[in-house]
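Spelled out from the first residue to the last, the chains are:
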Amino acid sequence: MAAALAYRWLLCAAGIVNVLPIGGQRHTASDNPSTYNIGGVLSSSESEEHFRTTIAHLNFDQQYVPRKVTYYDKTIRMDKNPIKTVFNVCDKLIEKRVYAVVVSHGQTSGDLSPAAVSYTTGFYSIPVIGISSRDAAFSDKNIHVSFLRTVPPYYHQADVWLEMLSHFLYTKVIIIHSSDTDGRAILGRFQTTSQTYYDDVDARATVELIVEFEPKLESFTEHLIDMKTAQSRVYLVYASTEDAQVIFRDAAEYNMTGEGHVWIVTEQALHAKNTPDGALGLQLEHAHSDKGHIRDSVYVLASAIKEMISNETIAEAPKDCGDSAVNWESGKRLFQYLKSRNITGETGQVAFDDNGDRIYAGYDVINIRDHQKQHIVGKFSYDSLKAKMIMRINDSEIIWGGKQRRKPEGIMIPTHLKVLTIEEKPFVYVRRMGDDEFRCEPDERPCPLFNASDATANEFCCRGYCIDLLIELSKRINFTYDLALSPDGQFGHYILKNNTGAMTLRKEWTGLIGELVNERADMIVAPLTINPERAEYIEFSKPFKYQGITILEKKPSRSSTLVSFLQPFSNTLWILVMVSVHVVALVLYLLDRFSPFGRFKLSHSDSNEEKALNLSSAIWFAWGVLLNSGIGEGTPRSFSARVLGMVWAGFAMIIVASYTANLAAFLVLERPKTKLSGINDARLRNTMENLTCATVKGSSVDMYFRRQVELSNMYRTMESNNYVTAEQAIQDVKKGKLMAFIWDSSRLEYEASKDCELVTAGELFGRSGYGIGLQKGSPWTDAVTLAILEFHESGFMEKLDKQWIFHGHVQQNCELFEKTPNTLGLKNMAGVFILVGVGIAGGVGLIIIEVIYKKHQVKKQKRLDIARHAADKWRGTIEKRKTIRASLAMQRQYNVGLMASHAPGTISLAVDKRRYPRLGQRLGPERAWPGDAADVLRIRRPYDLTKSGQLGLGRTRPQQNPLPPRYSPGYTSDVSHLVV
C-alpha cells in the first residue's frame, strides 16, 4: 500500500492527478484518548532532540495539557528522496497512531520531501505543521489539504511592500518577478491587497509596468529598455538569488541603480552578491530558528487538542496505510482547531489564515550599504495593543542610491506630455485645416485626430476655453505638450467584461478615460466631469469650473397660426357669438313683423306706406352692429325692436372691446414659458407622457442617472433615445425632434445665450465640476491643482468665462427681445388676410351663380312670353273668325232680302260695289259659308301688300281697287235704311 501511495503522490506532484482524502464512516469512542503521539519529520539530530525535549516539557505545562493526558514524540529523519520519505511516514509514524506531524527540511533536501509528508498524512486527514516550507504551492488546499506552517510563504512579502510604499508615499511602481508559481503569487497578492489596503484612493499604489521573466536568466537588457521609458523609478523585485544577480548586473550597466532609483527586494534577492547600494530588502525574523518554530508548533498543537477535548470526542488516529477506506473525521476537525489558534510564541504572534499560512510574522527592513553590508533600518512587527502589524522605519538611517540621504521622488517627471481633448463648445472648437493651410491661426493649436484602425492622422485646429487654459497651464508649471483629439470622439464609459480564467467582471474604459487608463495619454484637458466612477481609475485636479446638470428645451412657439386672430376667444365663445347674431336677427324680424307700429308713414315723405323689416335686412343689421359698420337701410321700425337693437349694440361693444384687448395680449404681449419645471417634473418621470428626453451615451450624466435609484424609471425611458454626441442632440432640440436634452449646465447655458429660441428649464441638480484628468499617481497632479487654484484667485478663470461662455452682447439682445413687445407680421395676421381672400372668392363665386341663375330665368321668361304671344294670337284669330262669320251671316240676310224684293240696289250698295267691284260677284252655293273667309283673306292679302306700297325687294305695284278694311263698316252692307 505504501508503494501505491507513493506512486499516487508522484502523479499528484507532477500535476497529473488531484487526489482528495477518501471519505468514510466516522470512528467514535466512548472517551477521549489519554495519550497522544506527535510525529516529527526533522532535518537534523539537533532538531529531533529539541523536539523530544519540548514534548517532555509540554507534559508538565498544565496551561496546555489537561490532567490525565500525555504526549509522546515519534520522530524520523527527513530523507532527500521523497519516495523513501513516504514509506518512512507510513511505517514509522502512521503505524504509531500519530495525531499530527511536525515537518522541516534542510537546505539541500528541497521542498519535495515535505510535500511527500504533507500528501501522505493528508490522505488520512492527519494535520501537518511545517516549520520551514515557504513555497506558494503549500497554500493550495486541493493538494495539501491539512498543511499548516509557522512560517509565512514568500508571496506574503507583498503585504510588507505595501506597508513600505505607504510609508514612503510612493504611488507608482514597477514589479519585476519570475514566471514561476511564487512570482505570480506575489504579483497577484500585491494587486489584490492594494485594492483594499488604502483608505485614501489617491494614495493607492498602482503598478505602472509588470516585468515577468523566465527563471535562470542570462540577460535582462531587453526589459530594462522598457523600464527606462516608464515614469516610475521604484522597482519591486521578486527573484531567486541567481536571477537577481543578472538583473542587478544589467541595471548597473544602464545606470539604473544610482541616484533617483529605488530598489525594494525580497529575501532571496537580498542575498545576491551585487545588490545595489541603497537597496531595501526584507528578512524574516526567526527564519532559521528551527528550535523556536518546533516549540511554537508543538504548543499550537497542544492548544488545539485541549480545546477539542473539551468540546467533542476525539477518535483514535488511523494506524494502517494499507486501509485506503479510512477517513479520520477527527483529523479534519483538529485541522480546523489548529487554524483558529492565536498564541504568543518564541517566534512572535502565531496565527493562521484560511489557507493555514502563518500571519503576524515579523520582518526586518534591511538597507544595503557599501561592500554589501546589511543594516537594519526598520521592523515590521506585531503590535499587541493594536492587534495588528505595524511598520516602523527610521528614515534618517537609510542611505539611498547614489549615497543620498534624501528620499528619492520615486518617479521621473516627464516634461513633454501627450494631451487629449474633445470637441465640446464653447470649451473646445474644432476646425479642419484646408488643403492649402500649413499652420493654425495664432489663437489655435494643432490637434490631429489619429485613426487607430489605419494609423492615419487628420489635421485639425482647436481653440476655446480649455485650449486657453492649457496654454496658460503649460507656461505656469513649465511643460511642453502634443495635443490630439479623442480617437473615438467620446469622453469614455466602462464596459463590464469577464476576466480571463476567472468568474469576476472587470471594467474596460473607452474614449478619453480609456486612453488615460491604458497609459496612452498623460493628461486630459476638456470639460471632463469629476465623478466617483472615473476617480477610481484616474486622477483629477481640483475643478477649474463648477457646474451641474440642467435641461435644454426649445421655447414654446407663439400661437401664430393661420387662425391666430381667433385665439382671444375660445371655440365655445365663438360659437355662442355666431348663434347670438342670428338669434337676435330672427327676434328683430319677428318683433318688427308682428308689431302694430311696425309700419308707419313718415311725415315728410309721400303717402306710400314703408315696408316692414325683412329677415335678410335683420341679419344685415345684426352683423353691422356687431362689426361696427354703417347701417344705411333696413333698420327696425317698431319700438320693441329698437330696444332690442340698443341692447344688441351694447353687447357688441363689450364683445369687440374684449376681443381687441385679448388679441393684443395674445399677439403682442405674450411671453412663452418653459414646458418643464425641472428634473422633478412629473412628465419626465411618467413614461406614458409623449415627451422625449435624452442625454449622451456613456457620459457623466448617463452615469449619474444610473446611480440615482429614484430616476431609474426615467433612465429606462430615455436610455433608448440617448445620443452619441451632444452636438447632435442640441440640433434635434432646435429642430423640434427632441423635447428635452439633459446635459452639463455650462454647455446648455452657452447654447441658450447664443440662440434666443432655446431655454434652460428648472434649477441645477447633480452639481459637480470640470477637472483635468491625469494618470493614477501622476507627478503632475499637485502642480496642476495648485496652478488652477492660483488661476481662480487671480481672476483668470473668470476672464475665460466671460470670453467663451457668457456671450454678454448676445445674452443682452435676448433679454431685450424678451422685454420688448413683438411686432405683428404676416405670420400673425395671415389668417385675417386669408379670411378677406375667402370673402372675395365667395363674392365672386356668388356673382357667378347669380349670373348663371339670371340667364336661366331670362330664357325661361322668353319661353313664357312666346307661349303667351302664341296664345294671344290664337285667341285673336278665333275672335276674327267669329266676327267674319257674323258679318257673312248678315250679308246673306241682306242678299236674300234683295233677291226677294227684286228691287234695285241702294245707293249704298252701288257705292260699295263701285268701290269694291268684287263684291258684286256672286258666290256659288258651294262656297257660300266654308270658302267665304278664305276668299276674303285672298282678297285682303293684295290689299295688305299694296297698303305699304311695296312688293318684294323694294318693288311697288300700282294701286288697285282695294278690299274694304278688316273691320271697316263698309265691309258689310249698309242696313241703316232697314232700321228706318
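Predicted, not measured: the structure shown is a model, and the values here were computed from it. The written sequence of each chain sets the order in which its residues are numbered from 1. Predicted model: local features are reported for residues with pLDDT of at least 70 only, side-chain atom pairs are reported and counted for 80 or more only, and whole-chain, interface and lining totals are derived from all residues. With hydrogens and water stripped out, all remaining heavy atoms of the structure feed into the side-chain values.

Participant: How should the side chain of Ser778 be read in this particular structure?
Facilitator: Structurally, Ser778 can be placed in the loop between strand E31 (758–774) and helix H23 (781–794). The buried label applies to any residue whose accessible area, calculated with a 1.4 Å probe on protein chains only, is under 20% of its type's maximum; exposed applies above 50%, and partly exposed to all values in between. Overall, Ser778 belongs to the buried group, its relative accessible area being 11%. Strands are runs of DSSP state E lasting at least 2 residues, helices are runs of H or I lasting at least 4, and numbering of each runs from the N terminus.

Participant: Explanation requested: the state of the cysteines in the structure shown.
Facilitator: What we call a disulfide is simply a covalent bond connecting the sulfur atoms of a pair of cysteines. Note that a disulfide, as used here, is simply two cysteine sulfur atoms within 2.5 Å. Overall, the coordinates contain three disulfides when judged by the stated rule. Paired through a disulfide, Cys90 and Cys321 show a sulfur-sulfur distance of 2.4 Å. Measuring the twist about the S-S bond at about -95°, one finds the Cys90-Cys321 disulfide to be left-handed. With Cys90 in helix H3 (residues 82–92) and Cys321 in the loop between helix H10 (290–311) and helix H11 (329–339), this residue pair connects regions lying 231 residues apart in the sequence. Its relative accessible area of 1% is what places Cys90 among the buried residues.

Participant: Looking at this structure, I do not really get the UniProt feature "site: Crucial to convey clamshell closure to channel opening" (unreviewed entry) in the protein chain. What am I missing?
Facilitator: UniProt positions are given in the numbering used here, feature names are shortened, and annotations may be inferred rather than shown by experiment. Under the local residue numbering, the UniProt record ascribes the feature "site: Crucial to convey clamshell closure to channel opening" (unreviewed entry) to Leu676. Within the secondary structure, Leu676 is located in the loop between helix H17 (639–667) and helix H18 (682–685). Residue Leu676 is classed as buried on the basis of its relative accessible area of 4%. In what follows, a contact means two residues having at least one pair of non-hydrogen atoms within 4.5 Å. Each residue touching Leu676, except ones within four places of it in the same chain, is listed here: Ile551, Glu553, Asp681, Arg683, Leu684, Leu691, Ala740 and Ala761.

Participant: What should I look at first to understand the packing of H3 against helix H4 (residues 112–123) in this one?
Facilitator: In a pair of packed helices, the angle between the axes and the distance between the axes together describe the arrangement. All axes are obtained by fitting lines to C-alpha atoms, using only the stretch in contact for helices, and the reported angles, taken between N-to-C directions, cover 0 to 180 degrees. Where H3 meets H4, the closest approach of the two axes is 9 Å, and the angle between their N-to-C directions is 35°. Note that H3 runs across H4; the crossing there is right-handed. The residues of H4 that touch H3, namely those facing Pro82, Thr85, Val86, Val89 and Cys90, are Leu112, Ser113, Ala116, Val117, Thr120 and Thr121. In this classification, the charged set is Asp, Glu, Lys and Arg, the nonpolar set is Ala, Val, Leu, Ile, Met, Phe, Trp, Tyr, Cys and Pro, and all remaining amino acids, among them Gly, are polar. Here the contact of H3 with H4 is built from residues that sort into seven nonpolar, four polar and no charged. Definitions for this section: a left-handed crossing has its near helix turned counterclockwise from the far helix by less than a right angle. A right-handed crossing has that turn clockwise.

Participant: What is the right way to look at the sheet that holds strand E11 (residues 342–345) in this model?
Facilitator: DSSP-based pairing: two strands are paired if at least 2 bridges between them are found. The three strands are arranged E11-E12-E13 in an open sheet whose pairing can be described as antiparallel. Among the strands making up the open sheet, the edge pair consists of E11 and strand E13 (358–359). Bridge analysis of E11 against strand E12 (residues 348–352) gives four bridges, and the strand direction is antiparallel. Along E12, the bridge assignment pairs Ile343 with Val350.

Participant: Would you mind showing me how to read the pairing of strand E10 (residues 280–284) here?
Facilitator: Looking along a regular strand, one sees the side chains alternate between the two faces of the sheet. Burial analysis of E10 places five of its five residues in the buried class, the great majority of the element. Burial along E10 is two-sided: Leu280, Leu282 and Leu284 facing one way and Gly281 and Gln283 facing the other are all buried. The pairing of strand E9 (residues 262–265) with E10 spans two bridges and is parallel. Bridged to Val265 within E10 is Gly281. In terms of strand pairing, E10 meets strand E14 (residues 363–368) through five bridges, oriented antiparallel. Opposite Gln283, over in E14, you have Asp364 as the bridge partner.

Participant: Quick question: what am I supposed to make of the pattern of salt bridges here?
Facilitator: Should the charged atoms of two oppositely charged side chains come close, the side chains can pair. What makes a salt bridge here is a side-chain nitrogen of Lys or Arg within 4 Å of a carboxyl oxygen of Asp or Glu, nothing more. Enumeration according to the criterion identifies 33 salt bridges in this entry. Glu285 is the partner of Lys379 in a salt bridge, and the nearest nitrogen-oxygen pair spans 3.4 Å. One end of the pair, Lys379, is in strand E15 (residues 374–383); the other, Glu285, is in the loop between E10 and H10, with 94 residues separating them in the sequence. A relative accessible area of 38% means that Lys379 is categorised as partly exposed. The partner of Asp702 in a salt bridge is Arg706, and the shortest N-O contact between them spans 3.1 Å. Highlighted residues: Asp702 and Arg706, both in helix H19 (residues 700–707), separated by four residues, approximately one helical turn. By relative accessible area, Asp702 is classed as buried at 2%. Through salt bridges with shared partners, a single ionic network connects Glu424, Lys425, Glu727, Arg747, Glu751 and Lys754.

Participant: Which parts of the structure should I look at to understand a positive patch on the surface?
Facilitator: A grouping of Lys855, Lys859, Lys860, Lys862 and Arg863 is seen on the molecular surface, where their side chains present a positively charged patch. With respect to the helices and strands, the residue Arg863 is situated in helix H26 (residues 826–901). Patch definition: residues with relative accessible area over 30% and no salt bridge; like charges joined within 9 Å; nonpolar side chains (Val, Leu, Ile, Met, Phe, Trp, Tyr) joined within 5 Å. Only the protein chains shown count as cover for residues, and all accessible areas are computed by the Shrake-Rupley method using a 1.4 Å probe. His residues and chain termini do not enter the charge count, which takes Lys and Arg as positive and Asp and Glu as negative. Charge positions come from single atoms, namely NZ of Lys, CZ of Arg, CG of Asp or CD of Glu.

Participant: Would you take a moment to explain the environment of Ile174 for this structure?
Facilitator: Residue position: Ile174 is located in strand E6 (residues 172–178). On the basis of relative accessible area, Ile174 is assigned to the buried category, the value being 0%. The contacts of Ile174, once residues within four sequence positions are left out, are Leu209, Val211, Met227, Ala230, Ser232, Val234, Tyr235 and Leu236.

Participant: Would you take a moment to explain helix H16 (residues 615–626) for this structure?
Facilitator: In an α-helix there are 3.6 residues to a turn, and that puts residues three or four apart on one side. By this rule the span expected of a helix is its residue count minus one, scaled by 1.5 Å. If you check H16, its first and last C-alpha atoms are 17 Å apart, about what 12 residues at 1.5 Å a residue would give, namely 16 Å. All of the buried residues along H16 are Ala618, Phe621, Ala622, Gly624, Val625 and Leu626. Downstream of H16 by one or two residues, Asn628 has phi in the positive range, about 65°.

Participant: It is not clear to me how the environment of Ser640 should be interpreted in this structure. Could you clarify?
Facilitator: Note on placement: Ser640 falls in helix H17. For Ser640, a relative accessible area of 33% gives the class partly exposed.

Participant: Would you mind showing me how to read the sheet that holds E15 here?
Facilitator: Whether parallel or antiparallel, the strands of a sheet pair through hydrogen bonds between backbone atoms. Ordered in space as E7-E6-E8-E9-E10-E14-E15-E16, the eight strands form an open sheet in which the pairing is mixed. Taken across any chain shown, the strands that pair with only one partner, and hence form the sheet edges, are strand E7 (206–213) and strand E16 (388–393). If you compare each strand with its neighbour and ignore which way they point, the axes differ by 20° on average. Contacting E6, E7 and strand E8 (234–238), helix H7 (residues 221–229) runs over the sheet at an angle of about 170° to E7. Docked against the sheet, helix H8 (residues 241–253) engages E6, E7, E8 and E9, running at close to 180° with respect to E9.

Participant: What's the story with the pairing of strand E22 (residues 460–463) in this structure? I'm lost.
Facilitator: In terms of strand pairing, strand E18 (residues 429–432) meets E22 through four bridges, oriented antiparallel. Looking at the pairing, Arg431 lines up with Cys461 of E22. In this sheet, E22 lies alongside strand E19 (residues 445–446) in antiparallel orientation, the contact comprising two bridges. Residue Arg445 lies in a different strand from E22, and its bridge partner there is Cys462.

Participant: What should I look at first to understand the nonpolar core in this one?
Facilitator: Taken as a class, soluble globular proteins show a tendency for nonpolar side chains to be buried jointly. Working definition of a nonpolar core: buried Ala, Val, Leu, Ile, Met, Phe, Trp, Tyr and Cys residues. They are joined through side-chain atoms within 4.5 Å. Counting 57 residues, the largest nonpolar core has Val41, Phe51, Leu58, Tyr71, Val101, Leu301 and Leu338 as the members making the most contacts within it. Those residues in contact with Leu58, other than ones at most four positions away along the chain, are Tyr64, Val65, Tyr71, Val298, Tyr299 and Ala302. Membership of the second largest hydrophobic core comes to 47 residues, among which are Tyr494, Ile549, Cys693 and Leu711.

Participant: Explain the confidence of the model for the protein chain here, please?
Facilitator: When pLDDT drops low, the exact placement of atoms in the prediction is not to be read closely. Scored from 0 to 100, pLDDT reflects the predictor's confidence in each residue. For the protein chain, per-residue confidence averages 80 on the pLDDT scale, and 78% of positions sit at 70 or higher. Predicted confidence is poor over residues 1–30, with pLDDT under 50, and the contacts of this stretch with residues over four places away or in other chains come to 57 contacts. Segment residues 919–980: pLDDT under 50, and 54 contacts once partners within four positions in sequence are set aside and those in other chains are kept.

Participant: Quick question: what am I supposed to make of the packing of aromatic side chains here?
Facilitator: The geometry of an aromatic ring pair is captured by the separation of the ring centres together with the interplanar angle, meaning the angle of the planes. Aromatic pairs are defined between Phe, Tyr and Trp rings, using the six-membered ring for Trp, whenever the two ring centres lie within 6.5 Å; interplanar angles under 30 degrees are classed as stacked, those over 60 as edge-to-face, and all others as tilted. On inspection of all chains with the given rule, the structure shows 30 aromatic pairs. Relative to Phe220, the ring of Phe213 lies with its centre 6.0 Å away and its plane at 90°, an arrangement referred to as edge-to-face. In this structure Phe213 comes out as buried when scored by relative accessible area, which is 2%. The class for Phe220 is buried, based on a relative accessible area of 0%. Judged by centre distance (5.9 Å) and plane angle (45°), the rings of Tyr704 and Phe765 are tilted.

Participant: How should I be thinking about a nonpolar patch on the surface in this particular structure?
Facilitator: On the surface, a nonpolar cluster with roughly 530 Å² of combined accessible area is contributed by Ile840, Val844, Ile847, Ile848, Val851 and Ile852. Mapped onto the secondary structure, Ile840 falls in helix H26. Looking at Ile840, the relative accessible area reads 54%, which means it is exposed.

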